[in-house]
Amino acid sequence: AWLWNKFKLRGSTRGKNIQREMLGYLKGSFGRVYRRLEAEILKAGGRILHNRAVERIIPRSDGALEVIAGGQSEIFDRVICTAAPEILAGLIRENQPAFAADLEKVRYKANICVILELTERLTPYYWTYITQPDSPFVAVIEQTNLLPVSNYQSHIVYLSRYLDATDQLFNASQETVVELFIAYLSKIFPGFNQTKLKKAHLFKARYTQPVVVTDYSRIIPELKTPIPNLYLASMAQIYPEDRGQNYAVRMGNQIARCLLEG
């Protein structure tokens, strides 16, 4: 169903359909949205605690939740966890081992992304899939073929790879990953060489893509968890749609309604 829906969503925006796809991009990236959201939260009297890793969530007898973060304790009437289900499992396992085990049924792929700053264009294309089995990356995404290069200081190319967090490549050093990616890029684009490379950046993320398996709908966690006043809103729950900012906004509205309904 997930794969079928990917074709359906993309097909509905092609051809003569009145819902034709329109490309747009926010200058300054989605970071502008998040900074504005932060400002509005603070303006409304909210608090944002940076660099405070949550260690445990403990249900109390009065229905409130105690959150241990950075060695400090805070009490909340309600808590929304927006991390991957596996992360929530680690926070509540002590008090809810069965629920934690259910959450861990949802597996995630990790991602490594090498961003290249080039002196000139690599290809005339925005997105190129690489399907050779020996390729260390699966996509070449040339951002400056979607947006004018004048928005940047270089020609920008992303090299992306999804893999298991246990994969040796995910845990390799930046030098090893960048060298491997550059070597293969030179192989499939003979016109590319190191003299055109200004700078390379490596980014890694542990939870980037839920693994959709057969009967996935049966293991999707509910927004409202078995723990009173604890909610979960994550990428794993937008099935059958795939990742996207629009689906994150939709889930935000859904979780808000859950809180209003109690």
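Residues numbered from 1 in each chain as written. Predicted model: local features only at pLDDT ≥ 70, side-chain atom pairs only at ≥ 80, totals over all residues. Heavy atoms only, no water.

Asks: What should I look at first to understand the pattern of salt bridges in this one?
Replies: Where charged atoms of side chains with opposite charge meet at close range, the side chains can pair. All chains considered together, the criterion is met by 13 salt bridges. The partner of Glu40 in a salt bridge is Arg36, with the nearest N and O atoms 3.0 Å apart. With Glu40 and Arg36 both in helix H2 (residues 31-43) and 4 residues apart, the pair spans about one turn of that helix. Of the charged contacts in the structure, one is a salt bridge between Asp134 and Lys187, with a shortest N-O distance of 3.1 Å. Note that Asp134 is positioned in the loop between strand E6 (127-129) and strand E7 (139-142) and Lys187 in helix H5 (residues 174-188), a separation of 53 residues in sequence. Judged by its relative accessible area of 48%, Asp134 falls in the partly exposed class. The network of salt bridges with common partners includes Arg47, Arg52 and Glu74. (Salt bridge = Lys/Arg side-chain N within 4 Å of Asp/Glu carboxyl O. Helix = DSSP H or I, 4+ residues; strand = E, 2+ residues; numbered from the N terminus. Buried < 20%, exposed > 50% of the residue type's maximum accessible area, 1.4 Å probe, protein only.)

Asks: How should the side chain of Lys196 be read in this particular structure?
Replies: Secondary-structure assignment places Lys196 in the loop between H5 and strand E9 (197-210). In terms of polar contacts, Lys196 uses its side chain to reach the side chain of Glu120, at 3.2 Å. A polar side-chain atom of Lys196 sits 2.6 Å from the main-chain carbonyl oxygen of Gly191. Among residues more than four places away in sequence, those in contact with Lys196 are Glu117, Leu118, Thr119, Glu120 and Gly191. (Polar contact = N/O pair within 3.5 Å; in protein donor to acceptor, adjacent residues only side chain to side chain. Contact = heavy atoms within 4.5 Å.)

Asks: When you look at the packing of aromatic side chains in this model, what are you seeing that I'm missing?
Replies: Note on aromatic pairs: each is described by the distance of the centres and the angle between the planes. The full count for this structure, using the stated rule, is 6 aromatic pairs. For the pair Tyr126 and Trp127, a centre-to-centre distance of 5.8 Å together with 75° between the ring planes defines the contact as edge-to-face. For Trp127, a relative accessible area of 41% puts it in the partly exposed group. Ring geometry for Tyr216 against Tyr239: centres 5.3 Å apart, planes inclined by 55°, an arrangement best described as tilted. (Phe/Tyr/Trp six-rings, centres within 6.5 Å; stacked < 30°, edge-to-face > 60°.)

Asks: Where do I start with the sheet that holds strand E1 (residues 54-59) in this structure?
Replies: Working definition: the strands of a sheet are paired by backbone hydrogen bonds and lie parallel or antiparallel to each other. Here we have 3 strands laid out as an open sheet, ordered E1-E2-E3, and antiparallel in their pairing. Of all strands in the sheet, those with a lone pairing partner are E1 and strand E3 (72-76), marking the two edges. Between one strand axis and the next, the sheet turns by 20° as a mean value, whatever way the strands run. In this structure, E1 lies alongside strand E2 (residues 65-69), joined through 5 bridges in antiparallel fashion. What sits directly across from Val54, in E2, is Ala69. (Pairing = 2+ DSSP bridges. Axes fitted to C-alpha atoms, helices over the stretch in contact; angles between N-to-C directions.)

Asks: Honestly, the pairing of E2 in this entry has me stumped. Any pointers?
Replies: Taken residue by residue, a regular strand's side chains alternate between the two faces of the sheet. Burial of E2 is extensive: 5 of the 5 residues sit out of reach of the surface. Covered by surrounding structure in E2 are Leu65, Val67 and Ala69 together with Glu66 and Ile68, the residues of both alternating faces. The loop that links E1 with its antiparallel partner E2 comprises 5 residues; one of these, Gly63, has a positive phi angle of about 95°. Across 5 bridges, the pairing between E2 and E3 is antiparallel. Within E3, the position partnered with Ile68 by the bridge is Ser73. The loop that links E2 with its antiparallel partner E3 comprises 2 residues; one of these, Gly70, has a positive phi angle of about 60°.

The quantities given are spatial measurements derived from coordinates; they are silent on function.
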